[in-house]
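# Chains, contacts and geometry: an overview
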Amino acid sequence: MNEKSVAVEQINVLKKKLDAAIKSRAAVDSDLKAQSSLLVQFITRLTKLCKGIDKELDTRLGKLKKLLAKGAPIADLEQQIAFIAKLIQNYELKTEKEISQLNKQCNDTAKTLLKINTLPGAEKRELRNVLKECEQNKEALVQYIPLVSQLMNAYDTALKLSPALPKKGLLDALNSGAASESKAGDSKEVNQVVLAKLSYVIDHLVLPEKHTSELLKIKEQLTHNISNDKLMVSLLDLFDVIISDLQQERATAESFLSGLSDTLSDVQNAINNTLFCNKASQSASNELNAQLHKQVDEMSTVVDSAKSVSDLKQKINKNLQNIVKTLENKSSSENKHNQQIESQLNDMTARVKELEKQSQYFEEQLKQQKIKSMQDALTKLNNRAAFDDYFSKQLIDFKQQSYELALVILDLDDFKRINDTYGHTAGDKTLQVMAMTLTKKVSADAFIARYGGEEFVLVYSGVSQDKLLQHLNDLRKHIARLPFKFKNNKVSITTSIGVTHIKAQDNIHSAFERADKALYQAKDQGKNKVVYL
Ligand SMILES: Nc1nc2c(ncn2[C@@H]2O[C@H](COP(=O)(O)OP(=O)(O)OP(=O)(O)O)[C@@H](O)[C@H]2O)c(=O)[nH]1
């Protein structure tokens, strides 16, 4: 082989190598192009997803996209990616903080809303679900969207139903009622808000016994489907009752105060008189004493100057008569003074006695009012305020000397159905029967209260878990067998019961929450159950 052919062969080999290199370069270019376009697509999606979260991140992602599109050098891309990575890392930290804040807010709001008595069971269950969900830490803010939606739903219901929550007064509610009457179908809903408020006000009014029947009559009227006009009449009736009671209270208080003021000024006058009389009688007495001294002194002069025994006898007799007269004067003046004081004392005693009688009446009134403010008007059981008072005292005792202290929440199942099917009066009767049953069946040393709506609370001291569960299950079965009859239908009413024993670290809220959680589980497990936590 000559030199030329060797050179040709080498050139051919080099050509082949070059072709292969060009081919593989083209493959790399096309791969790079495909990957770049994939990356651009990814960045576009990422930009859309992150849009609005952080301005800087938006700008950086936009720049990266542009750099990729124009095929900028890798070093430039790396720099942008490093920036973006840092921003994302910061964002992660910020999100973690926001998640923990949102978790706390959801938790707190659910707990606050759960304290609203009038909130229906469905909403309460949603709120308990929110609390349960909050216990499991979430990784993304979006996971809280359904929880926030449940909270808003409960808040909305609470605003519509709870008389404790709306900031508007009755008149506002009525005005908005009147305004919405023009919108078909709205007036009934507004009436419900006003009716719920009125029922609440009536239940919590502390008025003398004689007004009870009037109040019950007004409440009875409210349970029927009444028009706004009739509602207005009921409202006016209610105001009449309140105003007449206020006027009477005022008149009694005024008469008591004016009696008190008269008696006090009489007592003051009597004391002044006594002091004055004392002074006058003291000076009269001093005068008489001086007169006596003088008369006794005169006796010795008389004795010295007597000329004969008969003269002495005569003079002494005369002097003795004067002394006796002075002594009689002294005694009569003292008697008069004593009588004056006695009569003034009698007068003062009579007035103070009268005042004492009036004070006793007021004390009794105050006692009755205190009892009423702690009593549920419908069932005559202790009310929620009484429970709070009793349970907080029990907790103080419990912290001093630990003993078995149990809290039970008993809730009627599907009570709304009773109201909806047989009317509100049937619902009220059911609550009264339930209160009587609890009073009869629960041992006398346990505390019973109507917590609100169809929820009762019981507090037991010194009862073990086994015994308590046995007793509560017996109670639950007994209630389920009660023969209710509405509109000729035999109705069975069941209860769900949550129970817990108080622990050393508990406070009133944590204990209640645990019992409430147990109740929620009893409902969740199909109702008519007792759950211990
Ligand atoms: N008759 C009457 N009803 C009341 C009274 N207080 C509250 N309610 C009603 O009790 C009902 C309670 O309903 P929910 O909270 O939904 O509870 P529920 O129907 O028992 O459902 P569950 O608790 O899930 O078994 C509501 O309709 C209230 O209006 C009251 O003093 N008298």
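This is a predicted model, so every value here is computed, not measured.

Analysis parameters
Residues numbered from 1 in each chain as written. Predicted model: local features only at pLDDT ≥ 70, side-chain atom pairs only at ≥ 80, totals over all residues. Heavy atoms only, no water. Near = heavy atom within 4 Å. Polar contact = N/O pair within 3.5 Å; in protein donor to acceptor, adjacent residues only side chain to side chain. Areas by Shrake-Rupley, 256 points an atom, 1.4 Å probe, with all protein chains shown as cover. Pairing = 2+ DSSP bridges. Helix = DSSP H or I, 4+ residues; strand = E, 2+ residues; numbered from the N terminus. Axes fitted to C-alpha atoms, helices over the stretch in contact; angles between N-to-C directions. Expected span 1.5 Å × (residues − 1). Contact = heavy atoms within 4.5 Å. Patch = residues over 30% accessible without salt bridge, like charges linked within 9 Å, V, L, I, M, F, W, Y side chains within 5 Å. Salt bridge = Lys/Arg side-chain N within 4 Å of Asp/Glu carboxyl O. Lys, Arg positive; Asp, Glu negative; His and termini not counted. Charge placed at Lys NZ, Arg CZ, Asp CG, Glu CD. Buried < 20%, exposed > 50% of the residue type's maximum accessible area, 1.4 Å probe, protein only. Parallel < 35°, antiparallel > 145°, perpendicular 65-115°, else oblique. Left-handed = near helix turned anticlockwise from the far one by under 90°. Nonpolar A, V, L, I, M, F, W, Y, C, P; charged D, E, K, R; others polar. Arc of directions from axis to C-beta. pLDDT = per-residue confidence, 0-100. Core = buried A, V, L, I, M, F, W, Y, C linked by side-chain atoms within 4.5 Å.

Here the focus is the site of the ligand. Taken together, 19 residues lie around the ligand, and Gly121, Arg125, Asp414, Phe415 and Asp428 are the ones closest in. Contact between the ligand and Leu412: an oxygen atom at 3.2 Å from a main-chain N or O atom of the residue. Within the backbone of Lys416, a nitrogen or oxygen atom sits 2.9 Å from an oxygen atom of the ligand. Protein burial of the ligand: of its 670 Å² of free accessible surface, 83% is covered by the chains.

Okay, the sheet that holds strand S3 (residues 455–461) next. If you trace the 5 strands from one edge of the open sheet to the other, you get S2-S3-S1-S6-S7, paired in mixed fashion. Across the chains shown, the open sheet's two edge strands, defined by having one partner strand only, are strand S2 (447–452) and strand S7 (530–532). Between one strand axis and the next, the sheet turns by 20° as a mean value, whatever way the strands run. By the bridge criterion, 7 bridges tie strand S1 (residues 405–412) to S3 in an arrangement that is antiparallel. Each residue of the ladder has a partner; that of Asp411, found in S3, is Glu455.

Moving on, we come to helix H4 (residues 121–135). The terminal C-alpha atoms of H4, which comprises 15 residues, lie 21 Å apart, in line with the 21 Å expected from a rise of 1.5 Å per residue. Residues of H4 that are buried make contact with helix H3 (74–114), helix H5 (145–161), S3 and helix H15 (508–524).

Another aspect to go through is a positive patch on the surface. A surface patch of positive charge is lined by Lys440, Lys441, Lys477 and Arg481. Along the chain, Lys477 turns up in helix H14 (residues 465–480). Taking relative accessible area as the criterion, Lys477 reaches 41% and is therefore assigned partly exposed.

A separate point is the packing of H3 against H4. Two numbers describe how H3 lies on H4: the axes approach to 9 Å, and their chain directions differ by 150°. One element, H3, and the other, H4, form an angle in the roughly antiparallel class. The element H3 and its partner H4 pack so that their crossing is left-handed. The residues of H4 that touch H3, namely those facing Asn103, Cys106, Asn107, Ala110, Lys111, Leu113 and Leu114, are Lys124, Leu127, Arg128, Val130, Leu131 and Cys134. Classifying every residue of the contact of H3 with H4 gives 8 nonpolar, 2 polar and 3 charged.

Every buried residue of helix H12 (residues 415–422) is accounted for by Phe415, Ile418, Asn419 and Tyr422. The buried residues of H12 occupy an angular sector of 105° when the element is viewed end-on, so they sit on one face. Exposed residues pointing more than 90 degrees away from the buried face of H12 are listed as Lys416 and Asp420. Of the surrounding elements, those touching the buried residues of H12 are S1, helix H13 (424–441), strand S4 (484–486) and strand S5 (489–491).

For the protein chain, per-residue confidence averages 81 on the pLDDT scale, and residues scoring 70 or more make up 90% of the total. No element of the protein chain has a lower mean pLDDT than helix H6 (residues 170–181), at 41, and none a higher one than S7, at 98. In this model, residues 163–186 is a region of pLDDT below 50 whose contacts with residues beyond four sequence positions or in other chains number 30 contacts. For this predicted complex, the interface score ipTM comes out at 0.97, alongside a pTM of 0.50.

On to the nonpolar core, then. Membership of the largest hydrophobic core comes to 32 residues, with the highest contact counts inside it found for Tyr460 and Leu472. Among the secondary structure elements, those contributing two or more residues to this core are S1, H12, H13, S3, H14, S4 and strand S6 (495–501). Dropping the residues within four chain positions of it, Tyr460 is found in contact with Glu404, Leu405, Ala406, Val408, Val442, Ala446, Leu468, His471 and Leu472. The next biggest cluster of nonpolar side chains, apart from the first, holds 18 residues, and it includes Phe387, Leu407, Tyr451 and Ile502.

With respect to the helices and strands, the residue Asp445 is situated in the loop between H13 and S2. Here the alpha-carbon distance between Asp445 and Val459, two residues 14 residues apart in the chain, equals 9.1 Å. Reaching out from Asp445, the side chain makes a polar contact with the side chain of Ser443 at a distance of 2.8 Å.

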